[in-house]
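Descriptive structure summary
One-letter residues, chain by chain:
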Amino acid sequence: MDVLGAQKPGDEGNKNKNKGKTPTKPKRYFAVSTGAPSEQSNNESLKQKHKGTKSKRHIADPGGKVKVFDLSSSKKMFQQQKREHYRMKAHHKEVEEDYRKKVDPFPGEAAIPADRLKKYQRGKLTTTKWARSKLAMGEIRKREKKMKAAVKQAARSEYLLTEEAGYLEGDDGTHTTNISQGDIVEAVDITSAQKHFELRLNEFGPYRAQYTRNGRFMLMGGAKGHIAAIDWLTKKLLCEINVMETIHDIQWLHQETMYAVAQKQWTYIYDNQGIELHCLKMVDSALRLEFLPFHFLLASSSSKGYLSWIDVSIGEKVAGHATGLGRLDVMCQNPNNATLCLGHSGGTVTMWSPNVKEPLVKMLCHRHGVRSIAVDPQGKYIATSGIDRKLKIWDIRNYKMLQSYQIGIGASSLAFSQRDMLAVSKGNIVEVYKDCCRQTVTSPYMSHRLPGSVLNVQFCPYEDVLGVGHERGFESLLIPGAGEPNFDALEANPFQSKKQRRQAEVKMLLDKIPADMIHLNDRIGEIDIKTFKQRIELTNSIKTLKPELMDYTPKYKMKGKNKGRKREQRKKGVVEEDQRKAVRREMKKKSDTARGNQHNQHRDSGNVLNRFERTQS
């Protein structure tokens, strides 16, 4: 860059015009060369071009290869941009003030529907009627305020749920039963279409399938010893072994790192690499397995009619009952209260707890033997199927039958989904019924035929998928609207990392519920009034005991207002009591002295018979 002088070319003629005027500050210019340094040939061409002209001292580049710029104009441009910036800043400030002055047409937080608040409420509010002090009253009010805030936050969190549940609907004149799996696969997106697959395993069937609580992993077990654990979403195989024994049942434990297998003689526990960890010889001849995740209990029913509970966190047997009802090959758990439901050959269904050696409930459900049972996730309804080719829905809360359906053959397996769909296996056909508990349905929601007889059906949590294990392998079916669309990552996270899995395991162990709390009534902290009345009646029936009264009204001692006065009265009472004791001691001492003197009075005389001497009156 070549900097030139202070004069602009062509300003010599203006010097005479500015004579006699106030001298102005000369303008500054700078020039930029646009070409390479001139060589000798270029200089000769320039000389020929400007031949005959008088050279000017202020023209440094006669060839016009230097651009001249005015520094004062760039300064004016900068000042103009600065003024524009301040003007826009003031404008934004005025707009912001106007926005603040505007009145919100919907002040406060958005209203929450009452039905949504009712969904998250837990029991009735505690009143301050029986509070004995102002401190206790304040504590109760704070606690209730926190409970209300928690209910509101839980209700507002539904706005963050990204997925919505939906169902399959047919066109005019088309029923959803006639829609095949191929039609669904062609209509859905690629990700959902990949969830429909079939595994042909003709050598080691029939197969049972089991999903984890988060719905990410699947465990398959063939009756002839084949076991495989896979990540069914990515189709990644975790392990595959053959135990070379008959397999009766399989069950995931608290996480996807361990699973239990009921083999021919004993029950074994393996890790997700297929390595044997434990052999539970205390559980022999097991036919069915159930795992209670909140209690860490592995329940098993055997062919000898024995029911047992094993605590897998410490490896000890919690309880074991001999039912005396024959072979136990039909069993499921109630997810609401962790009781076990057993189906028997006499058509009865019993409910068991590890704390009682007798069945808690015994229901006659069918005229003939029970083939399969299932309990819905809320623990309100139980579905039973028997040899009499009937499917019945019962209300567990009052043990009454709600629905009875006549089916072509006794269902070999039943399963409830998270949204109250019921899957029924009849031979090589699987039927899914929608909302069949609260109302009577005339036809199934969906139906599918398989290449072999179905042994086991189970819905995948948080997915619209039904897993079916049959004689020739396994098949995954798409059932729209079956699973819960949104999952709680703190409860069951399908995408958890290894660190999150370890933390979740520690938290589950800390929140472990004792086995003593398994009973029919799932409400904690309430008094069993009926049992208390029965105990009182039994006590009153024994005549040698004093009758007990159930009506008891506590008497609260009223405290005085003047605590200082009460304190002084207590001090005065203590002093007076000490004085009384001193007076009593002194009087007792005098009486003892007088009695001793009277007794020794006759001993002073020498004659012993003086005591019989007649005294003169």
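Residues numbered from 1 in each chain as written. Predicted model: local features only at pLDDT ≥ 70, side-chain atom pairs only at ≥ 80, totals over all residues. Heavy atoms only, no water.

As recorded in an unreviewed UniProt entry, the chain goes by the name WD repeat-containing protein 46, listed as coming from Mizuhopecten yessoensis. What UniProt states about the chain under its Subunit (unreviewed entry) heading is, verbatim, "Part of the small subunit (SSU) processome, composed of more than 70 proteins and the RNA chaperone small nucleolar RNA (snoRNA) U3. Interacts with DDX21, NCL, NOP2 and EBNA1BP2." According to the UniProt record, the Subcellular location (unreviewed entry) comment for the chain is "Nucleus, Nucleolus". (UniProt positions renumbered as here; feature names shortened; annotations may be inferred.)

1. With respect to the environment of Q458
Residue position: Q458 is located in strand β28 (residues 454-459). Sequence separation between Q458 and S476 is 18 residues; the distance between their C-alpha atoms is 10.0 Å. When neighbours within four sequence positions are excluded, Q458 is seen to be in contact with A209, Q210, Y211, A415, L466 and G467. At 3.2 Å, the side chain of Q458 and the backbone nitrogen of Y211 are in polar contact. (Helix = DSSP H or I, 4+ residues; strand = E, 2+ residues; numbered from the N terminus. Contact = heavy atoms within 4.5 Å. Polar contact = N/O pair within 3.5 Å; in protein donor to acceptor, adjacent residues only side chain to side chain.)

2. Considering the sheet that holds strand β26 (residues 429-434)
An order of β24-β25-β26-β27 is seen for the four strands of this open sheet, with the pairing classed as antiparallel. Both outer strands of the open sheet, β24 (413-416) and β27 (446-449), are each paired with one neighbouring strand and no more. On average, adjacent strands in this sheet sit at an angle of 15° to one another, irrespective of strand direction. The pairing of β24 with strand β25 (residues 421-426) spans four bridges and is classified as antiparallel. Paired with A415 across the strands is A423, a residue of β25. (Pairing = 2+ DSSP bridges. Axes fitted to C-alpha atoms, helices over the stretch in contact; angles between N-to-C directions.)

3. Looking at the packing of aromatic side chains
For the coordinates displayed, the defined rule picks out nine aromatic pairs. Aromatic pair F197 and F474: ring centres 6.0 Å apart, planes at 45°, arrangement tilted. Taken together, the residues F197 in strand β3 (residues 197-200) and F474 in strand β30 (residues 473-478) connect sequence positions 277 residues apart. Comparing F197 with F474, the two get one shared label, buried. Seen from their ring centres, F487 and F495 are 6.0 Å apart, and the 55° between their planes marks the pair as tilted. For F487, a relative accessible area of 34% translates into the label partly exposed. (Phe/Tyr/Trp six-rings, centres within 6.5 Å; stacked < 30°, edge-to-face > 60°. Buried < 20%, exposed > 50% of the residue type's maximum accessible area, 1.4 Å probe, protein only.)

4. What to know about the layout of surface pockets
Here the second largest pocket is characterised by a volume of approximately 840 Å³. Along the wall of the second largest pocket there are 36 residues; nearest its centre are S192, K195, Y462, E463 and D464. Within the residue set of the lining of the second largest pocket, elements represented by two or more residues are α5 (181-187) and α6 (190-193). Residue composition of the lining of the second largest pocket, by class: 17 nonpolar, 10 polar and nine charged. (1 Å grid on protein atoms, 1.4 Å probe; cavity = no way out; pocket = protein on both sides within 12 Å on 5 of 7 lines; lining within 4 Å. Points joined across faces, edges and corners; volume = space filled by probe spheres on them. Nonpolar A, V, L, I, M, F, W, Y, C, P; charged D, E, K, R; others polar.)

5. Some thoughts on the side chain of S413
Within the secondary structure layout, S413 lies in strand β24. From its side chain, S413 meets the backbone nitrogen of V457 in a polar contact 3.3 Å long. The residues contacting S413, other than those within four sequence positions of it, are S372, A423, V424, S425, L455, N456 and V457.

6. Some points on the confidence of the model for the chain
Detailed reading of the predicted model is not advised wherever pLDDT is low. Here the chain averages 82 in pLDDT, while 79% of its residues score no lower than 70. Across residues 1-19 the pLDDT falls below 50, and counting only partners more than four positions away or on other chains, this stretch makes 15 contacts in the model. (pLDDT = per-residue confidence, 0-100.)

7. Points about helix α4 (residues 134-156)
Here α4 is 23 residues long and its end C-alpha atoms lie 33 Å apart, about the 33 Å a rise of 1.5 Å per residue gives. Buried-residue contacts for α4 involve α3 (114-120). (Expected span 1.5 Å × (residues − 1).)

8. Quick word on unusual backbone geometry
Here the residue pair G205 and P206 is connected by a cis peptide bond, since its omega of 0° sits within 30 degrees of zero. The topology assignment puts P206 in the loop between β3 and β4 (207-211). Although it is not a glycine, D435 sits at a positive phi angle of roughly 55°. On the secondary structure map, D435 appears in the loop between β26 and β27. Judged by relative accessible area, which is 23%, D435 ranks as partly exposed.

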